[in-house]
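Reading the structure
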Amino acid sequence: MVTPYKHEPFTDFTIDENRKALEAELKKAEENFGKEYPLIIGGERITTEEKIVSYNPANKSEVIGYVSKANQDLAEKAMKVADETFEWWRKTNPEMRADILFRAAAIVRRRKHEFTAHLVKEGGKPWKEADADTAEAIDFMEYYGRQMLDMKNGVEVNSREVENNRLHYIPLGVGITISPWNFLFAIMAGTTVAPMVAGNTVLLKPASTTPIIAYKLMEVLEEAGMPAGVVNFVPGSGSEVGDYLVDHPRTRFINFTGSREVGTRIYERAAVVQPGQKWLKRSIIEMGGKDTIIVDDNSDLELAADAITYSAFGFSGQKCSACSRVVAHEAIYDDLLARVVEKTKEVNVQDPTRHDTYMGPVIDEAAYNKILDYIEVGKQEGKLMAGGTGDKSQGWFVHPTVFADLAPDSRIMQEEIFGPVVGFTKAKDFDEAIEIANNTEYGLTGAVITNNREHIEQAREDFHVGNLYFNRGCTAAIVGYHPFGGFNMSGTDSKAGGPDYLSHLMQPKTTSEML
Ligand SMILES: NC(=O)c1ccc[n+]([C@@H]2O[C@H](COP(=O)([O-])OP(=O)(O)OC[C@H]3O[C@@H](n4cnc5c(N)ncnc54)[C@H](O)[C@@H]3O)[C@@H](O)[C@H]2O)c1
Ligand SMILES: N[C@@H](CCC=O)C(=O)O
């Protein structure tokens with residue numbers, strides 16, 4: 001009997017015991033620095049000459065580890081193994097597959113601080129963010145296991161007197177999971193275990209900046225009883241291994257989360273029917289955001305300022321859900337801006353190994369340079385109110401930055417920066433605020449801070465985003481509570497952590513028997 005789903009609680013690090021536990025795991029994580037990690041294909045560990053090097057973004061001189069790098073030959077080998085494994089894995093009992101996830105979740109829960117410490121080091125996440133990432137990985141396993149149990153008997157369809165009709169779900173085939181570095185554990189794990197529990201086999205290609213956490217997930221799944229060949233670990237270059245697997249005629253589906261640039265490229269390539277290909281590939285493509293918080297004239301400004309500060313600067317703004325645009329009613333614009341600037345100046349930026357860190361580094365040099373370039377653009381387009389500088393002496397640190405008085409169509413208000421930069425613009429009334437909020441090519445998250453019931457209902461209808469929140473920030477969706485995914489150029493809106501998610505990874509089959 002499976003207990004009802006509830007999300008994994010976050011750790012309270014003000015409790016001495018919890019703080020000491022994480023500190024001990026951070027020390028242990030440092031002892032493991034510099035280790036080598038192989039590929040895993042059909043359970044076989046394969047070491048290659050060429051390596052991906054994973055660095056600590058808060059301390060450039062620290063190498064977290066060296067990960068073997070797949071080439072096209074190894075990708076082909078992994079495809080063959082996954083294809084063969086699918087032939088029997090697709091017929092396995094869904095309960096057995098769900099049990100693997102429940103066991104895997106329990107293993108991670110028992111070693112929670114070990115994983116969280118690893119995320120602090122490999123992802124540069126402050127404790128709170130790293131703990132939430134671990135909790136979300138657990139949630140995905142618990143939630144998708146239960147979803148599979150709910151879906152295993154299909155759904156009721158009508159039958160007539162002379163026939164017996166059924167609709168049930170069958171898996172698709174071999175899927176390619178391509179994951180981002182920002183939710184290095186949760187999204188990587190969720191987009192791997194969902195297809196697996198649905199009866200598919202998977203080739204997992206994690207982000208090259210954060211591959212080691214994916215190896216650790218593989219170890220957990222193996223310990224939980226996942227047979228060899230079901231999930232195969234093939235880290236490698238996006239343009240080499242990624243393109244090869246996306247184009248492969250035996251690829252049945254692609255489960256991608258990442259940037260708009262790479263997502264649209266994959267979507268286009270996957271649409272091309274290759275010689276020998278017998279199906280139309282399914283593409284689940286979740287991409288970026290340019291997420292807005294609207295602040296109404298009749299609203300709690302302190303709540304608004306807190307929500308903006310956390311949504312803009314939590315994990316250095318490196319969330320697809322991060323608030324990068326504020327649209328404020330002109331009557332409260334100056335007051336709100338002053339509050340946010342004051343709070344921004346209080347944000348500390350330091351090594352996330354320290355327990356009191358609010359904001360750590362950005363992920364790497366390319367991200368650092370891109371964000372600082374945008375800051376220069378912002379200085380031309382608006383008024384710099386806070387931040388505006390970086391420090392790369394030790395790691396890739398960018399100070400939380402606020403720009404005021406931007407035009408809604410300025411680059412800072414339109415393009416995904418993926419860093420700790422937020423822009424403010426003014427609206428004369430709520431109608432105009434909604435119009436500005438919708439005026440991007442994305443449609444992922446948004447929030448409205450208001451005490452006006454009519455405006456809540458208006459936004460519910462007209463604010464065109466996949467995840468809309470009222471009187472809170474626009475980040476921190478919880479699996480099973482806030483199914484997550486966006487509209488327009490934010491992606492295919494598959495709603496990760498929601499009741500429809502597994503249906504994207506299976507196909508419904510109707511059978512009708514004459515009586
Ligand atoms: N919508 C969501 O749920 C969601 C969640 C997290 C992150 N994101 C988005 O992800 C982006 C940040 O992540 P990122 O920098 O890792 O994104 P990215 O697009 O650079 O990389 C994502 C993955 O794609 C791989 N890749 C790169 N080129 C490829 C190719 N040609 N073929 C196949 N794979 C290829 C990368 O190696 C990585 O594993 C942001 O835009 C953010 O908004 C979206
Ligand atoms: N699901 C996360 C965002 C994932 C993208 O980076 C949130 O709701 O903040």
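See above for the structure.
Below or above, wherever it landed, is the structure these notes cover. Sequence order as written defines the numbering, with residues in each chain counted from 1. Throughout, the order in which chains and ligands are written sets their labels, letters from A for the former and numbers from 1 for the latter. Since the coordinates come from a predicted model, pLDDT governs what is reported: local features require at least 70, and pairs of side-chain atoms require 80 or more to be given and counted, while whole-chain, interface and lining totals use all residues. Values shown for side chains rest on all heavy atoms present in the structure; no hydrogens or waters enter the calculation.

Attention now moves to the site of ligand 1. Residues in close proximity to ligand 1 total 27 residues, the closest being Ser179, Trp181, Ser259, Met287 and Glu416. Think of a polar contact as two N or O atoms within 3.5 Å of one another; within protein, one of them needs to be a possible hydrogen donor and the other a possible acceptor, and neighboring residues in sequence only count if both atoms come from side chains. Interatomic distance of 2.8 Å between a side-chain N/O atom of Trp181 and an oxygen atom of ligand 1. Contact between ligand 1 and Gly258: an oxygen atom at 3.2 Å from a main-chain N or O atom of the residue. Throughout, the Shrake-Rupley method with a 1.4 Å probe supplies accessible areas, and for residues the shown protein chains are the sole cover considered. Burial of ligand 1 by the surrounding chains reaches 88%, relative to a free accessible area of 850 Å². Only α8 (238-247), β10 (251-257) and α9 (260-271) provide two or more residues apiece to the shell around ligand 1. All amino acids are sorted into three groups, where Ala, Val, Leu, Ile, Met, Phe, Trp, Tyr, Cys and Pro are nonpolar, Asp, Glu, Lys and Arg are charged, and the leftover types, Gly among them, are polar. Taken together, the residues of the shell around ligand 1 break down into 14 nonpolar, eight polar and five charged. Both of domain 1 (20-287 + 493-514) and domain 2 (291-470) provide at least three residues apiece to the shell around ligand 1. A molecule or strand has a residue near it when one of that residue's heavy atoms lies within 4 Å. Here a strand is any run of E in DSSP of at least two residues, a helix any run of H or I of at least four, and the numbering for each starts at the N terminus. Where each domain begins and ends follows an automated or database-derived domain assignment.

Further remarks concern the side chain of Asn255. Assignment of secondary structure puts Asn255 in strand β10. Within polar-contact distance, the side chain of Asn255 engages the backbone oxygen of Thr191 at 3.2 Å. The contact rule is simple, with two residues in contact once any of their heavy atoms fall within 4.5 Å. Those residues in contact with Asn255 that lie beyond four places of it in its chain are Ile176, Thr177, Ile178, Thr191, Pro195, Ile284, Tyr501 and Leu505.

At least two bridges found by DSSP between two strands is the condition for calling them paired. The sheet built from three strands is open, its strands ordered β1-β5-β4 with mixed pairing. Bordering the open sheet on either side are β1 (35-37) and β4 (51-56), each of which pairs with just one other strand. This sheet shows a mean twist of 35 degrees between the axes of neighbouring strands, independent of strand direction. Sheet topology note: the β4/strand β5 (residues 59-68) ladder contains six bridges and is antiparallel. Bridging from a neighbouring strand, Ser54 pairs with Gly65 of β5. Those strands touched by helix α7 (residues 212-223) are β1, β4 and β5, and its axis lies near 45 degrees from that of β5. Every angle, taken between N-to-C directions, lies between 0 and 180 degrees, and every axis is a line fitted to C-alpha atoms, over only the stretch in contact when it is a helix.

Okay, the nonpolar core next. With 68 residues, the main nonpolar core has Tyr144, Phe185, Met196, Leu221, Val231 and Leu502 as its most contacted residues. The greatest single-element share of this core, amounting to 11 residues, is contributed by helix α5 (residues 127-151). Every residue in contact with Val231, bar those within four places of it in the chain, is listed here: Thr192, Met196, Val202, Leu204, Met218, Leu221 and Met226. Core analysis: the next-biggest nonpolar cluster, separate from the first, contains 30 residues, Val295, Leu301, Ile332 and Ala447 among them. What is meant by a nonpolar core is a set of buried Ala, Val, Leu, Ile, Met, Phe, Trp, Tyr and Cys residues, joined one to another through side-chain atoms within 4.5 Å. For every residue, the accessible area (1.4 Å probe, protein chains only) is compared with the maximum for its type, and the residue is labelled buried under 20%, exposed over 50%, or partly exposed between those bounds.

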